[in-house]
Amino acid sequence: MNLSARDVSVTLSRREIVKQVSLEVRENRFVGLLGPNGSGKTTLLKSIYRVLKPSAGLVTLDDVDIQKLAYRDTARRMGVISQFTVMNFDFTVEEVVLMGRAPHKTAFSKDTEADYRIAEDALRRVDMLDFRDRSFNTLSGGEKQRILLARTLAQQVELLILDEPTNHLDIKYQIQIMDVVKGLGVGVLAALHDLNLTLLYCDYVYVLKDGRIVAHGRTEDVITEQLIREVYEVECSVQRHPKNGRLYVTFFSRL
């Protein structure tokens, strides 16, 4: 499934946050969305997954205007993990993951054995099966993030939208989560802060600054010392690792 945003703008409280942004996520491609805080990444993602309506432009799934799709149809095809998720009721971990099956069910229908198997497999893939009976609200931020990924895995979608998916995670689980997502074989659009994770996992990147795309292309072509200096206003070194040949970034302190 292909996602396309064409000349998308988003205005909030009379201020244009996202300004004529165009991007695409082709089938099976892992696309990163980069930029400093306040650059418009989260607002752009919200306009794509229909929390916000663009003030201009068009978002399509396989060339169909997303605004013309029923929300259930969108949820069957596109899964979302946002930065902040609050559960107002005391659900167990398993119940939260089973919520991912909702787009595939009719109203008031019960969970089936197949639904439970899918939820169990999703929890196993994020290494959280032993937490299935725990209250979601008692988990740490990192544990919650892994459960939300499991819920999205249970949704069995063709496209993932991720807003800082490795927030609150230690290094081990950052890599585990990114490995799981990369191995799904679906299109991914992920807002990321960590440039080294971006270099490891993203096939293509778009860079936002002040609501506009200022660079895009193959990840290794885009993430350069000059771009980091201009966009993030920090000094760094971009080099190839002697063991795996991959680019990595080292930042310099001004002290």
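Note on numbering: residues in each chain are counted from 1, in written sequence order. Totals for whole chains, interfaces and linings use all residues, but because this is a predicted model, local features are given only for residues with pLDDT of at least 70 and pairs of side-chain atoms are given and counted only at 80 or more. The side-chain quantities take in all heavy atoms of the structure and omit both hydrogens and water.

Draft legend 1. The packing of aromatic side chains, seen in detail. Each aromatic pair joins two rings of Phe, Tyr and Trp (for Trp, the six-membered one) with centres within 6.5 Å, and gets the label stacked for planes under 30 degrees apart, edge-to-face for over 60, and tilted for any other angle. Scanning the model with the defined rule gives two aromatic pairs in all. On the basis of an interplanar angle of 70 degrees and a centroid distance of 6.3 Å, the ring pair of Phe89 and Phe91 is categorised as edge-to-face. For Phe89, a relative accessible area of 60% corresponds to the exposed category. Taken together, a centroid distance of 5.3 Å and an interplanar angle of 55 degrees make the contact between Tyr204 and Tyr206 tilted. Residue Tyr204 shares its accessibility class with Tyr206, and that shared class is buried. When a residue's accessible area, from a 1.4 Å probe over protein chains only, is under 20% of the maximum for its type it is buried; when over 50% it is exposed; and in between it is partly exposed.

Draft legend 2. Structural view of the side chain of Asp65. The helix and strand labels rest on DSSP assignments: H or I over at least four residues marks a helix, E over at least two residues marks a strand, and numbering proceeds from the N terminus. Following the sequence through the fold, Asp65 ends up in strand S5 (residues 64-65). In this tally, Lys and Arg are treated as positive and Asp and Glu as negative; His is ignored, and so are the chain termini. By definition, a salt bridge exists where a carboxyl oxygen of Asp or Glu is found within 4 Å of a side-chain nitrogen of Lys or Arg. Although Asp65 lies buried, it forms no salt bridge, and the closest oppositely charged side chain, Lys68, sits 4.8 Å away as judged by the N-O distance. Reaching out from Asp65, the side chain makes a polar contact with the backbone nitrogen of Gln67 at a distance of 3.0 Å. For this analysis, a polar contact is any N or O atom pair within 3.5 Å, provided that within protein one partner can donate a hydrogen and the other can accept it, and provided that sequence-adjacent residues contribute only side-chain to side-chain pairs.

Draft legend 3. View of the side chain of Asp115. Mapped onto the elements, Asp115 comes out in helix H4 (residues 113-125). Contacts: residue pairs with any heavy atoms within 4.5 Å of one another. Apart from the residues lying within four places of it in its own chain, the contact partners of Asp115 are Leu98, Arg101, Lys105 and Lys110.

Draft legend 4. Focus on the packing of helix H5 (residues 141-155) against helix H6 (residues 171-182). Fitting a line to C-alpha atoms yields each axis, with helices limited to the stretch in contact; the angle taken between N-to-C directions then spans 0 to 180 degrees. In contact at an axis separation of 12 Å, H5 and H6 are set at 10 degrees when each is read in the N-to-C sense. Put simply, H5 runs roughly parallel to H6. Taken together, the residues of H6 that come into contact with H5 (itself represented by Arg146, Leu149 and Leu153) are Tyr173, Gln176, Ile177, Val180 and Val181. Amino acids are sorted into nonpolar (Ala, Val, Leu, Ile, Met, Phe, Trp, Tyr, Cys and Pro), charged (Asp, Glu, Lys and Arg) and polar (every other residue, Gly among them). When its residues are assigned to classes, the contact of H5 with H6 shows six nonpolar, one polar and one charged. Angle categories: roughly parallel below 35 degrees, roughly antiparallel above 145, roughly perpendicular from 65 to 115, and oblique for all the rest.

Draft legend 5. Spotlight on unusual backbone geometry. For Glu164, which is not glycine, the phi torsion reads 55 degrees and is therefore positive. You can see Glu164 is positioned in the loop between strand S7 (159-163) and H6. You will see that Glu233, though not glycine, has its phi angle at about 60 degrees, which is positive. Its place among the elements puts Glu233 in the loop between helix H9 (225-232) and strand S11 (236-240). For Glu233, a relative accessible area of 53% puts it in the exposed group.

Draft legend 6. Molecular detail of the pairing of strand S4 (residues 56-61). Here the rule is simple: two strands pair whenever DSSP picks up at least two bridges between them. As defined by bridge partners, strand S1 (residues 3-12) adjoins S4 across five bridges and the pair is classed as antiparallel. By the bridge assignment, Ser4 is partnered in S4 with Thr60. Of the pairings in the sheet, the one linking S4 to S5 comprises two bridges and is antiparallel in character. Note that in S5 the partner of Thr60 across the bridge is Asp65. Linkage of S4 to S5, two consecutive antiparallel strands, is achieved through a turn of two residues, within which Asp62 is found at a positive phi near 50 degrees.

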